[in-house]
Amino acid sequence: MALCPLLFLRMKEKSMTKYKLVATAAAGIEALVGKELRNMGYDVQVENGKAFFEGDDYDIARTNIWLRTADRIKIIMGQFTAKTFDSLFEQTKAIPWEKILPVDAEFPVSGKSVKSTLHSVPNCQSIVKKAIVNRLSEAYHRRTHLPESGALYPIEVAILKDVVTLTIDTSGTSLFKRGYRTEKGGAPLKENMAAALVMLTSWYPDKPFYDPTCGSGTIPIEAALIGLNIAPGLNRSFAAEKWTFFTPGVFDKVREEARKEIRTDLQLDILGADIDGSMIEIAKQNAIKAGVADQIEFKQMQLKDFRTKKENGIIVSNPPYGDRLLSQEQAQAIYKQMGETYAPLETWSKYILTSDLTFEDHYGQKATKKRKLYNGAIRTDYFQFWGVRKRRVQEDQ
């Protein structure tokens, strides 16, 4: 049931607590996350794999639903230096966890430690868990064990050079899981990485867009979501939706606003192709679930068979590279074929992701620009070949 604006505003006035928030991201695309947040009106500080900002429960809902390139949105509960387990325990216990965690909260603790005195991650997790249990037991006057039968509040203890950061994950499952990908290929590209590849191009919704190695269709689908201004998290749920301290209906309110922002006046020119016909069928089904099937043409086609008279298009490809499905020799043969096929498309810009640093040698052209990205744990380069703009013919005066 939709909330009336006046009722929602009254509820929001009751929950104006501002939190320190962090949007996490894959290495190499944190700047894109920062740009997204700034475009949404937030003051942002970007560091390696992280974009820091502030916001209340409305902002938590808004960023979870709208951010295309982030992994998760987390509340920073505390940050301090600790070199002993006693210090970790006492400083963790000093944090007012009861302001967010109810008595029945389920709060598993994950952890990581890099270049720190407290290097045993399992021990750090155990200490943090014990400290929070003690704090909540005192706050809720409980002598028995906490039930942990309620909503999920995932907690992380991350230690870097003895600096401890304690966070609660508001997203639940990672934001790359949009919910539309029912099936995928052998080496799938995460949805938020696919969105990043599109956002790093010069594509606009009035230009042709082509992915010659589309696999299960993730890149064309993300392009369609961007072109139509469809919020990527519109059709999924988040951990914070079940949290008791949140303004009731805040996620539904943000979804309602997001649906009004969808561009319904556009017909996009997007083509996704793949040599594997079974992958094309999967891509079609994924596009249907994403609600953009009428915006994308999927075709079984060999890369070398692409021909077009269209101008100023964009090609984005995540081909199978040496450590991903094909041998190095097979992958390099594809790169050569790409160079030969795309050479006549002078006004088209081409963007190709691969871990092969010798890609340009096989493609037959030096990239205009390269950007280092990580496709999961694989270090890759995003090779960019910018098209030549055609001069407009001046009409006689």
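Residues numbered from 1 in each chain as written. Predicted model: local features only at pLDDT ≥ 70, side-chain atom pairs only at ≥ 80, totals over all residues. Heavy atoms only, no water.

Because each turn of an α-helix spans 3.6 residues, side chains separated by three or four positions in sequence point in the same direction. The end-to-end C-alpha separation of helix 5 (residues 121-139) is 27 Å, in line with the 27 Å expected for 19 residues at 1.5 Å each. Buried within helix 5 are the following residues: Val121, Cys124, Ile127, Val128, Ala131, Ile132, Leu136 and Ser137. Contact partners of the buried residues in helix 5: helix 4 (85-93), strand 5 (109-114), strand 6 (155-160) and strand 7 (163-169). Phi turns positive one or two residues past the end of helix 5, at His141, with a value near 55 degrees. (Helix = DSSP H or I, 4+ residues; strand = E, 2+ residues; numbered from the N terminus. Expected span 1.5 Å × (residues − 1). Buried < 20%, exposed > 50% of the residue type's maximum accessible area, 1.4 Å probe, protein only. Contact = heavy atoms within 4.5 Å.)

Let us now look at the packing of helix 6 (residues 191-199) against helix 7 (residues 218-227). For the pair helix 6 and helix 7, interaxial distance at closest approach is 8 Å and the crossing angle is 65 degrees. One finds that helix 6 runs roughly perpendicular with respect to helix 7. Read as a crossing pair, helix 6 and helix 7 show a hand that is right-handed. Here helix 6 contributes Glu191, Ala194, Ala195, Leu197, Val198 and Met199 to the contact with helix 7, which in turn contributes Thr218, Ile219, Glu222, Ala223 and Ile226. A class-by-class count of the residues in the contact of helix 6 with helix 7 yields eight nonpolar, one polar and two charged. (Axes fitted to C-alpha atoms, helices over the stretch in contact; angles between N-to-C directions. Parallel < 35°, antiparallel > 145°, perpendicular 65-115°, else oblique. Left-handed = near helix turned anticlockwise from the far one by under 90°. Nonpolar A, V, L, I, M, F, W, Y, C, P; charged D, E, K, R; others polar.)

Once that is clear, we can look at the nonpolar core. Across soluble globular proteins, nonpolar side chains have a tendency to be buried as a group. Counting 96 residues, the largest nonpolar core has Trp97, Leu101, Trp243 and Val292 as its most contacted members. Among the elements that take part in this core, helix 5 stands out by supplying six residues, more than any other. Among all residues touching Trp97, those that are not within four sequence positions of it are Met77, Thr92, Ile132, Arg135, Leu136, Ile155, Leu166 and Ile168. One finds Tyr210, Met301, Phe306 and Ala331 within the second-largest nonpolar core, a separate group that totals 20 residues. (Core = buried A, V, L, I, M, F, W, Y, C linked by side-chain atoms within 4.5 Å.)

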